[in-house]
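Residues per chain, in single letters:
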Amino acid sequence: MLDERVRTVLARLEEEDLAERDAGVPGAQRSRQIAPTTGRFLFALAASQDGIEVLEIGASRGYSSIWLASGARLLGGRVLSLEHDPVKCTAWRENVTAAGLDEWAELIAGDAFATLTATEDTFDLVFLDAEKDDYERLFALARPLLEPGGLVVADNVLSHVETLAAYSAARQADATLSSVTVPLDRGLEISVVLG
Ligand SMILES: C[S@@+](CC[C@H](N)C(=O)[O-])C[C@H]1O[C@@H](n2cnc3c(N)ncnc32)[C@H](O)[C@@H]1O
């Protein structure tokens, strides 16, 4: 649940994000975090399944990880987050600890392509929020880690439609999935693996 520690860290990260945008800090140095309503949506998905196993690709400073982990904690699930920027990894650890979510979220620092190739874990929910040009290849690596009923949520499919229309079209054409574009904030492609 969104306890006081979680709310405090989320509010601080939202203030920092706004201040950095106003100051014109380049994208690569900002958190590029999801919108708060997308966070609420991810919280609901993560909270909806007993013992949920969540994989997050592109964790930045932990804003979306905190939403996911506070949802997963409700029924004893956990989140595995992937991030390759060392500065963001340090901030992620500080923020997740400050939110009191260490027990429910773990960070693997390094290139997601290498991490995903090496993992044999399976997941119930994958949140894809890395570089848009990489979505197709990252999806291909995450797909074998999902069993029937597993969900993939990809952010930015409407804000970056010129890059990601092909991603949405490919998911919607895949007979092993049911996929829909949800026009929430920057646009989410939600794909469920069929039996
Ligand atoms: C849009 S930001 C993620 C924002 C985060 N999900 C949030 O809402 O707080 C994308 C992140 O993906 C990371 N990233 C991009 N490509 C990656 C890769 N191949 N492996 C690991 N992390 C990657 C970037 O460093 C960046 O922090």
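Scroll up to find the structure this text is about.
What counts and what doesn't
Residues numbered from 1 in each chain as written. Predicted model: local features only at pLDDT ≥ 70, side-chain atom pairs only at ≥ 80, totals over all residues. Pairing = 2+ DSSP bridges. Helix = DSSP H or I, 4+ residues; strand = E, 2+ residues; numbered from the N terminus. Axes fitted to C-alpha atoms, helices over the stretch in contact; angles between N-to-C directions. Contact = placed C-beta atoms within 7 Å. Expected span 1.5 Å × (residues − 1). Buried ≥ 20, exposed ≤ 12 C-beta atoms within 10 Å, placed from the backbone. Near = placed C-beta within 6 Å. Nonpolar A, V, L, I, M, F, W, Y, C, P; charged D, E, K, R; others polar.

Draft legend 1. Region of interest: the sheet that holds strand β2 (residues 78–83). Across the sheet, seven strands lie side by side as β3-β2-β1-β4-β5-β7-β6; this open sheet has mixed pairing. If you trace the sheet from one side to the other, it starts and ends with β3 (105–109) and β6 (177–182), each paired once. Adjacent strand axes in the sheet meet at a mean angle of 15 degrees when their direction is disregarded. Of the strands in this sheet, β2 and β3 touch helix α4 (residues 86–98), which is tilted by about 170 degrees from β3.

Draft legend 2. Geometry of helix α2 (residues 36–47). Here α2 contains 12 residues, and its C-alpha end-to-end distance of 16 Å stays within 8% of the 16 Å for a straight helix at 1.5 Å per residue. If you check which residues of α2 are buried, you get Thr38, Gly39, Phe41, Leu42, Phe43, Leu45 and Ala46. Here the buried face of α2 lies against β1 (53–57), α3 (63–72), β4 (123–128), β5 (146–155) and β7 (188–193).

Draft legend 3. Molecular detail of the environment of Thr97. With respect to the helices and strands, the residue Thr97 is situated in helix α4. Note on Thr97: 14 C-beta atoms within 10 Å, which makes it partly exposed. Each C-alpha atom of the pair Thr97 and Leu116 lies 24 Å from the other, and the pair is 19 residues apart in sequence.

Draft legend 4. Region of interest: unusual backbone geometry. The phi angle at Arg32 is positive, at roughly 55 degrees, despite the residue not being glycine. With phi around 75 degrees, Asn156 is a residue other than glycine that occupies positive phi space. Counting through the fold element by element, Asn156 comes out in the loop between β5 and α7 (161–172). We classify Asn156 as buried; it has 22 C-beta atoms within 10 Å.

Draft legend 5. Spotlight on the pairing of β5. For β5, the buried fraction is high: seven of the 10 residues fall into the buried class. Bridge count between β4 and β5: five bridges; the pairing is parallel. Bridge pairing links Leu125 to Leu151 in β5. Bridge analysis of β5 against β7 gives five bridges, and the strand direction is antiparallel. Looking across to β7, one finds that Asp155 is bridged to Leu188.

Draft legend 6. Local environment of the site of the ligand. Among the 20 residues in the neighbourhood of the ligand, the closest are listed as Gln33, Gly58, Tyr63, Ser64 and Ala112. The set of elements that each furnish at least two residues to the shell around the ligand consists of α3, β2 and α5 (112–118). In terms of residue class, the shell around the ligand is built from seven nonpolar, six polar and seven charged.

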